[in-house]
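Residues per chain are reported as follows:
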Amino acid sequence: MFSREILLKNKVAVLHLKKKDTLFREDEKAANLFYLAEGEIKIYNTDSEGKEFLIEKVSSHHFLGEPPFLLGERYPANAVIASDTAEIFRFSEENFKKFMLDNPESLFDFTKEIAKKAYNKTMKMKSIVHQNPNERIINFLKHYKRSLGIEACEKTIIDVTRKEMANSTGLAIETVIRTVKKMEREEKIELINHKIYF
């Protein structure tokens, strides 16, 4: 979405982090907005027993923490680097306002990004509330491909674990495993080395 050049030109702070570094923690005041230029970040919550629940994996060229940052709230989840390295641009409130005023064309891109996330969350909630496990998994797979910029008609390896899929769909891991096997038998998906090909 935003080029490195425009971010550096506007003196937006850049962070270089490595795998397992924490970008922000749940309930921490959202003093910064982050733009992931390169890498992958895992967004998750933990329960009282320390069990992780994956919300999503964010890939290059996406923002993180927009709602709590814009509303002056706290981050609702944890963000940890999932790739070997990551390059992240960090906006303060003052820096963000100045950047948007100086680059009004970027405001439209930013607004579209927020709208896209809101739409995807609405579709995810609709899926969880109204659909059976098979439909939930199909919608998850479609969303995963869209998030990578892969057309619906193109097939690709879905690089997520059954546990991550369960957390994202609101299903039990056992239900995901059973449903994936059933979907393979029905030829709705293929399995290659235990990875879903869809």
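Residues numbered from 1 in each chain as written. Predicted model: local features only at pLDDT ≥ 70, side-chain atom pairs only at ≥ 80, totals over all residues. Heavy atoms only, no water.

Draft legend 1. Quick peek at the overall build of the protein chain. The helix and strand inventory of the protein chain stands at 7 helices and 11 strands. Judged by the C-alpha coordinates and their principal axes, the protein chain covers about 55 × 40 × 35 Å. When burial is assessed residue by residue, the protein chain has 39% of its 198 residues classed as buried. Pairs at least 24 residues apart make up 72% of the contacts formed inside the protein chain by residues separated by at least 6 positions. Roughly 11800 Å² of accessible area belongs to the protein chain as shown, and the carbon and sulfur atoms make up 53% of that amount. (Helix = DSSP H or I, 4+ residues; strand = E, 2+ residues; numbered from the N terminus. Buried < 20%, exposed > 50% of the residue type's maximum accessible area, 1.4 Å probe, protein only. Contact = heavy atoms within 4.5 Å. Areas by Shrake-Rupley, 256 points an atom, 1.4 Å probe, with all protein chains shown as cover.)

Draft legend 2. Highlighting the layout of surface pockets. In this structure, the largest pocket encloses a volume near 1000 Å³. Lining of the largest pocket is provided by 34 residues; of these, Glu56, Asn120, His143, Tyr144 and Ser147 occupy positions nearest its centre. Mapped onto the lining of the largest pocket, the elements with two or more residues apiece are strand 5 (52-59), helix 4 (104-130), helix 5 (133-147) and helix 6 (162-169). Its residues assigned to classes, the lining of the largest pocket comprises 11 nonpolar, 10 polar and 13 charged. Taken as a whole, the second largest pocket spans an internal volume of roughly 310 Å³. Lining the second largest pocket are 16 residues; nearest its centre among them are Glu56, Gly65, Glu66, Pro67 and Lys121. By residue number, the principal contributor to the lining of the second largest pocket is helix 4, which donates 4 residues. Class assignment for the residues of the lining of the second largest pocket results in 11 nonpolar, 1 polar and 4 charged. (1 Å grid on protein atoms, 1.4 Å probe; cavity = no way out; pocket = protein on both sides within 12 Å on 5 of 7 lines; lining within 4 Å. Points joined across faces, edges and corners; volume = space filled by probe spheres on them. Nonpolar A, V, L, I, M, F, W, Y, C, P; charged D, E, K, R; others polar.)

Draft legend 3. Main features of unusual backbone geometry. Positive phi outside glycine occurs at Lys20, with the angle close to 75°. Unlike most non-glycine residues, His61 shows phi in positive territory, near 70°. Checked against the element boundaries, His61 lands in the loop between strand 5 and strand 6 (62-64). Its relative accessible area of 40% is what places His61 among the partly exposed residues.

Draft legend 4. Looking closely at the environment of Phe69. Relative to the helices and strands, Phe69 resides in helix 2 (residues 66-71). You can call Phe69 buried: its relative accessible area is 9%. Note: C-alpha distance between Phe69 and Glu26 (43 residues apart in sequence) is 13 Å. Every residue in contact with Phe69, bar those within four places of it in the chain, is listed here: Ala30, Ala31, Asn32, Leu33, Phe91, Ser92, Glu93 and Phe96.

Draft legend 5. Expanded view of the sheet that holds strand 1 (residues 13-18). Spatial ordering of the open sheet is given by 1-8-3-6, a layout of 4 strands whose pairing is antiparallel. Looking at the sheet topology across the chains shown, the edges are occupied by strand 1 and strand 6. When the angles between neighbouring strand axes are averaged without regard to direction, this sheet yields 35°. Against the sheet, helix 3 (residues 93-102) engages strand 3 (33-38) and strand 8 (85-91), with an angle of about 85° to strand 8. (Pairing = 2+ DSSP bridges. Axes fitted to C-alpha atoms, helices over the stretch in contact; angles between N-to-C directions.)

Draft legend 6. Expanded view of helix 7 (residues 173-185). For helix 7, spanning 13 residues, the distance from its first C-alpha to its last is 19 Å, which sits close to the expected 18 Å at 1.5 Å a residue. Within the span of helix 7, buried status applies to Thr175, Val176, Thr179, Val180 and Met183. Along the axis of helix 7, the buried residues cluster in a sector spanning 130°; they form a single face. In helix 7, those exposed residues whose orientation departs by more than 90 degrees from the buried face are Glu174, Arg178 and Arg185. The positive-phi residue at the C-terminal boundary of helix 7 is Glu187, with phi of around 60°. (Expected span 1.5 Å × (residues − 1). Arc of directions from axis to C-beta.)

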